[in-house]
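Secondary and tertiary structure notes
Each chain is listed here by its residues.
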Amino acid sequence: MTSRLLLDQFQKVSSSWKEVLGEEFKKPYFQKLDQHISKLSRVENAYYPPLDDIFSAFKWTDFSAAKVVILGQDPYHGPGQAHGLSFSVKQDIPIPPSLKNIYKELKSDLDINPASQGDLSSWAKQGVFLLNSILTVEPGCPGSHESLGWELFTDAVFKALNRREQPLVFILWGAYAQRRQKLLDTTRHLVIASPHPSPLSCYRGFFGSKPFSKANEFLKLHGVSPIRWELLQS
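The rules behind the values
- Residue positions within a chain follow its written sequence, with the count starting from 1.
- Where totals are concerned, whole chains, interfaces and linings use all residues; where local detail is concerned, this predicted model gives features only for residues with pLDDT of at least 70, and gives and counts side-chain atom pairs only at 80 or more.
- The basis for every side-chain value is the complete set of heavy atoms in the structure, and neither hydrogens nor water enter the calculation.
- For every element, the axis is a line fit to its C-alpha atoms; helices are fit only across the contacting stretch, and the angle between N-to-C directions ranges from 0 to 180 degrees.
- Labels follow the DSSP assignment, with helices taken as runs of H or I lasting at least four residues and strands as runs of E lasting at least two, numbered in each case from the N terminus.
- Any angle between 65 and 115 degrees counts as roughly perpendicular, while under 35 counts as roughly parallel, over 145 as roughly antiparallel, and the rest as oblique.
- We call two residues contacting when some pair of their heavy atoms lies within 4.5 Å.
- We call Asp, Glu, Lys and Arg charged. Ala, Val, Leu, Ile, Met, Phe, Trp, Tyr, Cys and Pro are nonpolar, and the rest, Gly among them, are polar.
- Here a crossing is taken to be left-handed if its near helix is turned anticlockwise relative to the far helix by less than a right angle, and right-handed if that turn runs clockwise.
- When a residue's accessible area, from a 1.4 Å probe over protein chains only, is under 20% of the maximum for its type it is buried; when over 50% it is exposed; and in between it is partly exposed.
- Pairs of strands are assigned from DSSP output, requiring at least two bridges between the strands.

Notes on the packing of helix α5 (residues 97-110) against helix α9 (residues 211-221)
The interhelical angle for the contact between α5 and α9, taken along N-to-C directions, is 60 degrees, at an axis separation of 8 Å. When the interaxial angle is binned, α5 and α9 end up oblique. On α9, the residues that touch Ile102, Glu105, Leu106, Asp109 and Leu110 of α5 are Pro211, Phe212 and Ser213. Looking at the contact of α5 with α9, its residues break down into 5 nonpolar, 1 polar and 2 charged.

Quick look at the packing of helix α3 (residues 28-40) against helix α7 (residues 150-163)
It is the contact of α3 with α7, at a shortest axis distance of 9 Å, that shows an interaxial angle of 125 degrees. Here α3 lies oblique to α7, going by the angle between them. Crossing of α3 over α7 shows left-handed handedness. Along its contact with α3, which presents Tyr29, Phe30 and Leu33, the element α7 presents Trp150, Leu152 and Phe153.

Remarks on the pairing of strand β2 (residues 128-132)
Within β2, 5 of the 5 residues are buried, which leaves it mostly tucked inside the rest of the structure. Neither face of β2 is exposed, since Val128, Leu130 and Asn132 on one face and Phe129 and Leu131 on the opposite face are all buried. Note that strand β1 (residues 68-72) and β2 share 5 bridges and pair parallel. Bridging from a neighbouring strand, valine 69 pairs with phenylalanine 129 of β2.

Structural notes on the side chain of serine 213
Looking at the secondary structure, you find serine 213 in helix α9. Beyond its immediate sequence surroundings of up to four residues, serine 213 is in contact with Asp109 and Leu110.

Examining the sheet that holds strand β3 (residues 169-173)
The strand order β2-β1-β3-β4 describes an open sheet built from 4 strands, whose pairing is parallel. The strands lining the two open edges of the sheet, one partner per strand, are β2 and β4 (190-194). When strand polarity is set aside, the average angle formed by the axes of neighbouring strands in this sheet is 20 degrees. In terms of strand pairing, β1 meets β3 through 4 bridges, oriented parallel. Pairing of isoleucine 70 across the sheet is with isoleucine 171, part of β3. Across the sheet, α7 touches β1, β2 and β3, and the angle it forms with β2 is around 155 degrees.

Structure, rendered in C-alpha coordinates:
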(Lines give C-alpha, C1' and ligand atoms only; values in the text may rest on other atoms or scores of the structure.)
Protein backbone atom coordinates (compact mmCIF):
# COMPACT_ATOMS: atom_id res chain seq x y z
CA MET A 1 0.00 0.00 0.00
CA THR A 2 1.29 3.45 -0.92
CA SER A 3 1.89 5.68 2.10
CA ARG A 4 0.20 9.07 2.17
CA LEU A 5 1.55 10.41 5.46
CA LEU A 6 3.62 13.22 3.94
CA LEU A 7 1.11 13.84 1.17
CA ASP A 8 -1.63 14.31 3.75
CA GLN A 9 0.57 16.76 5.63
CA PHE A 10 1.17 18.74 2.46
CA GLN A 11 -2.57 19.10 1.96
CA LYS A 12 -2.45 21.61 4.83
CA VAL A 13 -0.37 24.13 2.86
CA SER A 14 -1.74 26.74 0.46
CA SER A 15 -3.24 25.75 -2.86
CA SER A 16 -0.57 27.66 -4.79
CA TRP A 17 2.20 25.35 -3.50
CA LYS A 18 0.09 22.30 -4.29
CA GLU A 19 -0.43 23.55 -7.84
CA VAL A 20 3.29 23.90 -8.60
CA LEU A 21 4.46 20.79 -6.73
CA GLY A 22 1.57 18.38 -7.19
CA GLU A 23 3.33 16.22 -9.77
CA GLU A 24 6.21 15.51 -7.35
CA PHE A 25 3.98 13.42 -5.09
CA LYS A 26 3.30 10.98 -7.93
CA LYS A 27 6.98 10.24 -8.54
CA PRO A 28 8.63 7.06 -7.22
CA TYR A 29 11.24 8.94 -5.15
CA PHE A 30 8.57 10.75 -3.16
CA GLN A 31 6.54 7.61 -2.58
CA LYS A 32 9.66 5.91 -1.19
CA LEU A 33 10.37 8.95 0.96
CA ASP A 34 6.81 8.91 2.27
CA GLN A 35 7.10 5.22 3.14
CA HIS A 36 10.37 5.80 5.01
CA ILE A 37 8.99 8.67 7.09
CA SER A 38 5.86 6.65 7.77
CA LYS A 39 7.95 3.81 9.22
CA LEU A 40 9.96 6.21 11.37
CA SER A 41 6.76 7.84 12.60
CA ARG A 42 5.86 4.63 14.44
CA VAL A 43 8.67 5.41 16.90
CA GLU A 44 8.43 8.49 19.10
CA ASN A 45 11.02 11.20 18.35
CA ALA A 46 12.68 9.14 15.60
CA TYR A 47 13.20 12.30 13.56
CA TYR A 48 12.95 16.08 13.77
CA PRO A 49 10.98 18.24 13.30
CA PRO A 50 7.66 16.71 14.38
CA LEU A 51 5.44 15.52 11.54
CA ASP A 52 3.14 18.55 11.75
CA ASP A 53 6.12 20.89 11.30
CA ILE A 54 7.90 19.22 8.36
CA PHE A 55 6.23 21.56 5.86
CA SER A 56 6.07 24.63 8.10
CA ALA A 57 8.03 26.78 5.64
CA PHE A 58 5.32 26.17 3.04
CA LYS A 59 2.57 26.95 5.54
CA TRP A 60 4.09 30.25 6.67
CA THR A 61 5.10 31.54 3.21
CA ASP A 62 2.81 31.18 0.23
CA PHE A 63 4.38 30.44 -3.16
CA SER A 64 3.09 33.68 -4.67
CA ALA A 65 4.07 35.73 -1.60
CA ALA A 66 7.72 34.65 -1.37
CA LYS A 67 10.19 37.53 -1.73
CA VAL A 68 13.41 36.17 -0.23
CA VAL A 69 14.58 32.55 0.01
CA ILE A 70 17.05 31.60 2.76
CA LEU A 71 18.28 28.05 2.24
CA GLY A 72 19.59 25.83 5.02
CA GLN A 73 20.95 22.29 4.80
CA ASP A 74 18.87 20.19 7.18
CA PRO A 75 16.95 20.80 10.42
CA TYR A 76 18.57 21.28 13.80
CA HIS A 77 19.13 17.85 15.32
CA GLY A 78 18.71 18.63 19.03
CA PRO A 79 15.54 18.02 21.06
CA GLY A 80 12.90 20.69 20.50
CA GLN A 81 15.01 22.80 18.16
CA ALA A 82 13.64 22.16 14.67
CA HIS A 83 10.20 23.49 13.78
CA GLY A 84 10.32 23.52 10.00
CA LEU A 85 11.89 26.93 9.31
CA SER A 86 15.57 27.04 8.37
CA PHE A 87 17.86 28.55 11.03
CA SER A 88 14.85 29.19 13.31
CA VAL A 89 13.98 27.78 16.74
CA LYS A 90 10.94 28.34 18.90
CA GLN A 91 11.03 31.18 21.40
CA ASP A 92 11.74 29.03 24.46
CA ILE A 93 14.75 27.27 22.85
CA PRO A 94 18.31 28.65 23.27
CA ILE A 95 19.58 30.47 20.17
CA PRO A 96 21.98 28.22 18.16
CA PRO A 97 25.46 29.55 17.28
CA SER A 98 24.73 30.03 13.56
CA LEU A 99 21.66 32.10 14.33
CA LYS A 100 23.63 34.19 16.81
CA ASN A 101 26.03 34.99 13.98
CA ILE A 102 23.13 35.86 11.69
CA TYR A 103 22.00 38.34 14.33
CA LYS A 104 25.52 39.79 14.55
CA GLU A 105 25.54 40.38 10.80
CA LEU A 106 22.07 41.91 11.01
CA LYS A 107 23.40 44.35 13.61
CA SER A 108 26.41 45.21 11.45
CA ASP A 109 24.35 45.50 8.27
CA LEU A 110 21.22 47.35 9.42
CA ASP A 111 22.04 48.30 13.03
CA ILE A 112 19.28 46.00 14.33
CA ASN A 113 20.04 44.74 17.82
CA PRO A 114 20.15 40.94 18.24
CA ALA A 115 16.87 39.41 19.36
CA SER A 116 16.72 37.56 22.64
CA GLN A 117 14.88 34.64 21.01
CA GLY A 118 15.29 32.63 17.82
CA ASP A 119 11.83 32.35 16.27
CA LEU A 120 12.04 33.68 12.70
CA SER A 121 8.38 33.17 11.85
CA SER A 122 7.83 36.94 11.62
CA TRP A 123 10.24 36.90 8.66
CA ALA A 124 8.32 34.02 7.11
CA LYS A 125 5.03 35.92 7.44
CA GLN A 126 6.52 38.72 5.34
CA GLY A 127 7.67 36.49 2.50
CA VAL A 128 11.03 35.14 3.67
CA PHE A 129 10.85 31.48 2.63
CA LEU A 130 12.98 29.66 5.22
CA LEU A 131 13.67 26.38 3.44
CA ASN A 132 15.99 23.50 4.28
CA SER A 133 17.31 21.31 1.46
CA ILE A 134 16.52 18.25 3.58
CA LEU A 135 13.34 18.49 5.63
CA THR A 136 13.97 15.84 8.33
CA VAL A 137 16.89 14.56 10.40
CA GLU A 138 17.58 11.86 12.97
CA PRO A 139 18.23 13.06 16.53
CA GLY A 140 21.89 13.95 17.01
CA CYS A 141 22.84 12.97 13.45
CA PRO A 142 23.19 15.94 11.07
CA GLY A 143 22.88 14.95 7.42
CA SER A 144 21.35 11.58 8.31
CA HIS A 145 18.43 11.95 5.88
CA GLU A 146 20.49 13.25 2.99
CA SER A 147 19.85 10.21 0.79
CA LEU A 148 16.11 9.82 1.32
CA GLY A 149 14.96 11.98 -1.61
CA TRP A 150 14.29 15.32 0.04
CA GLU A 151 16.80 17.08 -2.19
CA LEU A 152 14.88 15.98 -5.29
CA PHE A 153 11.79 17.54 -3.76
CA THR A 154 13.48 20.81 -2.82
CA ASP A 155 15.15 20.96 -6.24
CA ALA A 156 11.62 21.01 -7.64
CA VAL A 157 10.79 23.82 -5.21
CA PHE A 158 13.75 25.86 -6.45
CA LYS A 159 12.84 25.25 -10.08
CA ALA A 160 9.26 26.39 -9.44
CA LEU A 161 10.45 29.54 -7.68
CA ASN A 162 12.90 30.22 -10.51
CA ARG A 163 10.03 30.17 -13.01
CA ARG A 164 8.11 32.86 -11.16
CA GLU A 165 7.70 36.08 -13.11
CA GLN A 166 8.41 38.29 -10.10
CA PRO A 167 12.15 38.39 -9.32
CA LEU A 168 13.26 36.86 -6.02
CA VAL A 169 16.26 37.11 -3.72
CA PHE A 170 18.04 33.83 -2.99
CA ILE A 171 20.39 33.88 0.01
CA LEU A 172 22.77 30.92 -0.20
CA TRP A 173 25.06 30.52 2.80
CA GLY A 174 27.84 27.97 2.42
CA ALA A 175 28.99 25.64 -0.34
CA TYR A 176 26.14 23.18 0.20
CA ALA A 177 23.44 25.81 -0.39
CA GLN A 178 25.35 27.31 -3.29
CA ARG A 179 24.97 24.10 -5.29
CA ARG A 180 21.41 25.24 -5.97
CA GLN A 181 22.59 28.33 -7.84
CA LYS A 182 22.77 26.25 -11.03
CA LEU A 183 18.96 25.96 -10.88
CA LEU A 184 18.47 29.72 -10.94
CA ASP A 185 18.31 32.35 -13.67
CA THR A 186 20.72 34.87 -12.20
CA THR A 187 19.85 37.42 -14.90
CA ARG A 188 16.40 37.81 -13.30
CA HIS A 189 16.86 36.84 -9.66
CA LEU A 190 19.38 38.15 -7.15
CA VAL A 191 21.65 35.49 -5.64
CA ILE A 192 23.53 36.49 -2.49
CA ALA A 193 26.18 33.84 -1.81
CA SER A 194 28.63 33.84 1.09
CA PRO A 195 30.21 31.44 3.58
CA HIS A 196 27.93 29.78 6.12
CA PRO A 197 27.18 31.63 9.39
CA SER A 198 28.41 28.74 11.52
CA PRO A 199 31.30 29.49 13.92
CA LEU A 200 33.57 27.38 11.68
CA SER A 201 33.19 29.62 8.64
CA CYS A 202 31.58 32.93 9.59
CA TYR A 203 34.89 34.84 9.55
CA ARG A 204 35.68 33.73 6.00
CA GLY A 205 33.29 36.24 4.45
CA PHE A 206 29.90 35.82 6.05
CA PHE A 207 30.52 38.76 8.35
CA GLY A 208 30.41 41.89 6.25
CA SER A 209 28.40 40.31 3.41
CA LYS A 210 25.36 42.57 4.11
CA PRO A 211 22.67 40.16 2.85
CA PHE A 212 19.78 41.95 4.52
CA SER A 213 20.36 45.41 3.06
CA LYS A 214 21.20 43.93 -0.36
CA ALA A 215 17.94 41.96 -0.34
CA ASN A 216 15.87 45.00 0.55
CA GLU A 217 17.57 47.18 -2.06
CA PHE A 218 16.75 44.60 -4.75
CA LEU A 219 13.13 44.29 -3.61
CA LYS A 220 12.62 48.06 -3.65
CA LEU A 221 14.25 48.28 -7.09
CA HIS A 222 11.59 45.90 -8.38
CA GLY A 223 8.67 47.62 -6.67
CA VAL A 224 8.33 45.09 -3.85
CA SER A 225 7.98 46.14 -0.22
CA PRO A 226 11.17 45.42 1.75
CA ILE A 227 11.43 42.99 4.66
CA ARG A 228 11.22 44.33 8.20
CA TRP A 229 14.10 42.35 9.64
CA GLU A 230 13.55 43.40 13.28
CA LEU A 231 12.36 40.51 15.45
CA LEU A 232 10.07 40.69 18.44
CA GLN A 233 11.83 40.21 21.74
CA SER A 234 10.69 37.35 23.97
